[in-house]
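What follows is each chain in one-letter form.
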Amino acid sequence: MSLLRSIFHSGVRLRRLLIVTAIASASGWIATRAQTPAVSSGERYRGWAIYGGTPDQSRYSSLRQITRSNVKQLQVAWSYDTGEQGGLQTQPIVAEGMLFGLTPSHKVFALDAATGARRWTFDAGLDSRGANRGLTYWNGGDDRRLFTAVESYVYALDARTGKPVATFGTNGRIDLRENLGRDPKSQSIRLTTPGVIYRDLLILGGRVSEGLPGSPGDVRAYDARSGALRWSFHTIPHPGETGHESWAKDSWTFNGGANNWAGMALDEARGIVYVPTGSASSDFYGANRPGDNLFANSLIALDAATGRRLWHFQTVRHDIWDRDLPSPPNLVTVRRDGRTIDAVAQVTKHGFIFLFDRVTGRPLFPIEYRKFPPSDVPGEVTADTQPIPTKPRPFSRQQLTREMLTTRTPAAHEWALAEFRKFRSGGQFLPFAVGAPTIVFPGFDGGAEWGGSAVDPE
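This section reports on the structure supplied with the text. Along each chain, residues carry numbers from 1 onward, in the same order as the chain's sequence is written. Two thresholds apply to this predicted model, a pLDDT of at least 70 for residue-level local features and 80 or more for giving and counting side-chain atom pairs, whereas whole-chain, interface and lining totals are computed over all residues. Values shown for side chains rest on all heavy atoms present in the structure; no hydrogens or waters enter the calculation.

As a further point, take the pairing of strand 11 (residues 143-150). Under the scheme applied here, a residue whose accessible area is under 20% of the maximum for its type counts as buried, over 50% as exposed, and between as partly exposed, the area being computed with a 1.4 Å probe on protein chains only. A run of H or I in DSSP becomes a helix once it reaches four residues, and a run of E becomes a strand once it reaches two; helices and strands are each numbered from the N terminus. Among the eight residues that make up strand 11, seven are buried, leaving the element largely enclosed by the rest of the structure. When DSSP finds two or more bridges between two strands, those strands count as paired. Bridge count between strand 10 (residues 136-140) and strand 11: five bridges; the pairing is antiparallel. Bridge assignment links Trp 138 to a residue of strand 11, and that residue is Arg 145. In sequence, strand 11 turns back onto strand 12 (residues 153-158) through a hairpin of two residues, with Glu 151 there showing a positive phi of about 55 degrees.

In structure tokens:
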């Protein structure tokens, strides 16, 4: 586990935030060593001003002072006590000499990054807990802002003072329950992962209910200055939109999910934002959403300025196994068939890496559509085939077998074997059955998880 995750991803009761002389890469797993040229300026990967380090989500640092030979000499430079108890699942950012972070109750704090001295705090006055993985920093010339989420609201704060920017939205905040095409009072949506900035746009996803009724997972862009909605992309397509036929006729009015809760990657030069989505609601039974359910479980490339879809790929059709895309993709440059290709790599909960040409969406390796057993659960109609990438090989085991059960003691093995015989274990995409427990493997947490992947571009 990386230093950042060991400090900030903790389910125990945590009061003290420790900052050492450097923040390490926040990666849960190294996906692949991309064959890319070194960064010529050396400046691109020298800071951590956004979630994931840089817009390409590399989670990489080109700083050289800390090495394998001297890392054991690191000492605590300063510490900051949030004064709160509870789980803390957040990733601080550092911008212009300030460290910005969140407490377990979602208060924002700003510290002098060199000394740890507190500069300001912001308390929205709302009772809020749970995952809140970071903040978004925007530099609009002399206007420096932090965007932070508390419950269904997103606040714009003056980065120098921590005061809400009164001209943003309504009294400094916008309500994510609005502009979804449904009654805002009946919607439930909040951010677990911060949005991305493209020019003067704040592009956001959100976490919604995994059951019914559920809110739709629209991807939306807001004006970073005024908070006005600039564009929306409907991940549950409306009538006349691409993919509408892959749902029930009226799904767009009541189904939920297909949401971006895990974060996004941004190709700033091309103006493309890459949006991974989660499963449709409800997660484990899809009788009320017949069809493949586009754009759930999809990697979507959108024009960052307009929200226009450029290309997409659906990694799981008609998901009933909660196979959300769990983390932002990585933007990489690879060598393939003698050519240098700007690519996007997406890891999945079921243990695969999907690799696409960043511009066209063309897979870099063949993807096979394989048949899987149908469901016999009343009302459920599973997809006939599912896409399986032929390369790279999966990074997680794909099926639990009796040979993998514990041999710690003969008694433990016999107990595990007896339990195992009660279950159906058919590997990926085995539908659930009535009256017979089914092993989901890899488990619901992956495979890949929200911590994401890291790439060494050098």
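Next comes the rest of the description.
Time to look at the nonpolar core. Grouped together as the largest cluster of nonpolar side chains are 19 residues, with contacts concentrated most on Tyr 274, Leu 299, Trp 311, Val 344, Phe 354 and Phe 356. Elements that contribute at least two residues to this core include exactly strand 21 (272-276), strand 22 (298-303), strand 23 (309-314) and strand 26 (353-357). Contacts are assigned to residue pairs that have any heavy atoms within 4.5 Å of one another. Once you skip the residues sitting within four places of it in the chain, Tyr 274 turns out to touch Met 264, Ala 265, Asp 267, Leu 299, Ile 300, Ala 301, Trp 311, Pro 329, Leu 331, Val 344 and Arg 358. We define the nonpolar core as a collection of buried residues of types Ala, Val, Leu, Ile, Met, Phe, Trp, Tyr and Cys that are connected through side-chain atoms lying within 4.5 Å of one another.

Let us look at the sheet that holds strand 9 (residues 118-122). Read from one edge of the open sheet, four strands run 6-7-8-9, paired in antiparallel fashion. Where the open sheet ends on each side, the last strands, each with one partner, are strand 6 (93-95) and strand 9. Strand after strand, the sheet turns through a mean of 20 degrees between neighbouring axes, direction not considered. Axes, fitted as lines to C-alpha atoms, cover a helix only where it is in contact. Angles between the N-to-C directions of the axes lie from 0 to 180 degrees.

Another point: the packing of aromatic side chains. Only Phe, Tyr and Trp rings take part, Trp by its six-membered ring, and two of them pair if their centres are within 6.5 Å. Stacked means planes under 30 degrees apart, edge-to-face means over 60, and tilted covers everything else. Per the stated rule, a full pass over the model turns up 17 aromatic pairs. Ring geometry for Tyr 80 and Phe 109: centres 4.9 Å apart, planes at 40 degrees, overall tilted. Taken together, the residues span a long stretch of sequence, with Tyr 80 in strand 4 (residues 76-81) and Phe 109 in strand 8 (residues 108-112) at a distance of 29 residues. With respect to class, Tyr 80 is no different from Phe 109; both count as buried. Aromatic pair Phe 313 and Phe 354: ring centres 5.5 Å apart, planes at 40 degrees, arrangement tilted. Pair noted here: Phe 313 is in strand 23 and Phe 354 is in strand 26, with a separation of 41 residues, a long-range link.

When a carboxyl oxygen of Asp or Glu lies within 4 Å of a side-chain nitrogen of Lys or Arg, that pair is called a salt bridge. Under the definition given, this model contains 24 salt bridges. For Arg 190, the salt bridge is made with Glu 151, and the minimal N-O distance between the two is 3.7 Å. Here Arg 190, found in strand 14 (residues 189-190), pairs with Glu 151, found in the loop between strand 11 and strand 12; they are 39 residues apart in sequence, far enough to count as distant. Here the salt bridges do not stand alone but share partners, grouping Asp 200, Asp 223, Arg 225 and Arg 230 into one network.

A few words on the sheet that holds strand 16 (residues 201-204). Within a sheet, each strand pairs with its neighbour through backbone hydrogen bonds, oriented either parallel or antiparallel. Pairing in this open sheet of four strands is antiparallel, and the strands run 15-16-18-19 from one edge to the other. Of all the strands in the sheet, just strand 15 (196-198) and strand 19 (229-233) have a single pairing partner and so form its edges. Direction aside, the axes of adjacent strands within the sheet are offset by 25 degrees on average. Two elements, strand 18 (residues 219-223) and strand 19, share four bridges in a ladder whose sense is antiparallel. Across the sheet, residue Ala 221 finds its bridge partner in strand 19, namely Trp 231.

Turning our attention to the environment of Leu 212. Along the chain, the position of Leu 212 falls in the loop between strand 17 (207-208) and strand 18. Residue classification places Leu 212 among the partly exposed positions, given a relative accessible area of 38%. What Leu 212 contacts, discounting residues up to four positions off in sequence, is Phe 254, Asn 255, Gly 256, Ser 281, Ser 282 and Asn 288.

Let us now look at unusual backbone geometry. Omega for the peptide link from Leu 212 to Pro 213 comes to 0 degrees, which places this bond in the cis form. Looking at the secondary structure, you find Pro 213 in the loop between strand 17 and strand 18. For the bond running from Ser 281 to Ser 282, omega is -5 degrees, close enough to zero to count as cis. Looking at where Ser 282 falls in the secondary structure, it is placed in the loop between strand 21 and strand 22. A positive phi angle, close to 65 degrees, is found at Asn 293, a residue other than glycine. On the secondary structure map, Asn 293 appears in the loop between strand 21 and strand 22.

Turning our attention to helix 3 (residues 410-420). One turn of the α-helix equals 3.6 residues, which is why residues spaced by three or four share an orientation. Within helix 3, burial applies to Ala 412, Ala 416, Leu 417 and Phe 420. Looking down the long axis of helix 3, one finds its buried residues gathered within 130 degrees of arc, a one-sided arrangement. Of the residues in helix 3, the exposed ones pointing more than 90 degrees away from the buried face are Pro 410, Ala 411 and Trp 415. The arc in question is formed by the directions pointing from the helix axis toward the C-beta atoms.

Burial of strand 21 is extensive: five of the five residues sit out of reach of the surface. Side chains Ile 272, Tyr 274 and Pro 276 of strand 21 all project onto a buried face; the interleaved residues Val 273 and Val 275 project onto the opposite face, where all are buried too. Linking two consecutive strands that pair antiparallel, namely strand 20 (residues 265-267) and strand 21, is a turn of four residues; a positive phi of about 70 degrees is found at Gly 271 within it. In this sheet, strand 22 lies alongside strand 21 in antiparallel orientation, the contact comprising five bridges.

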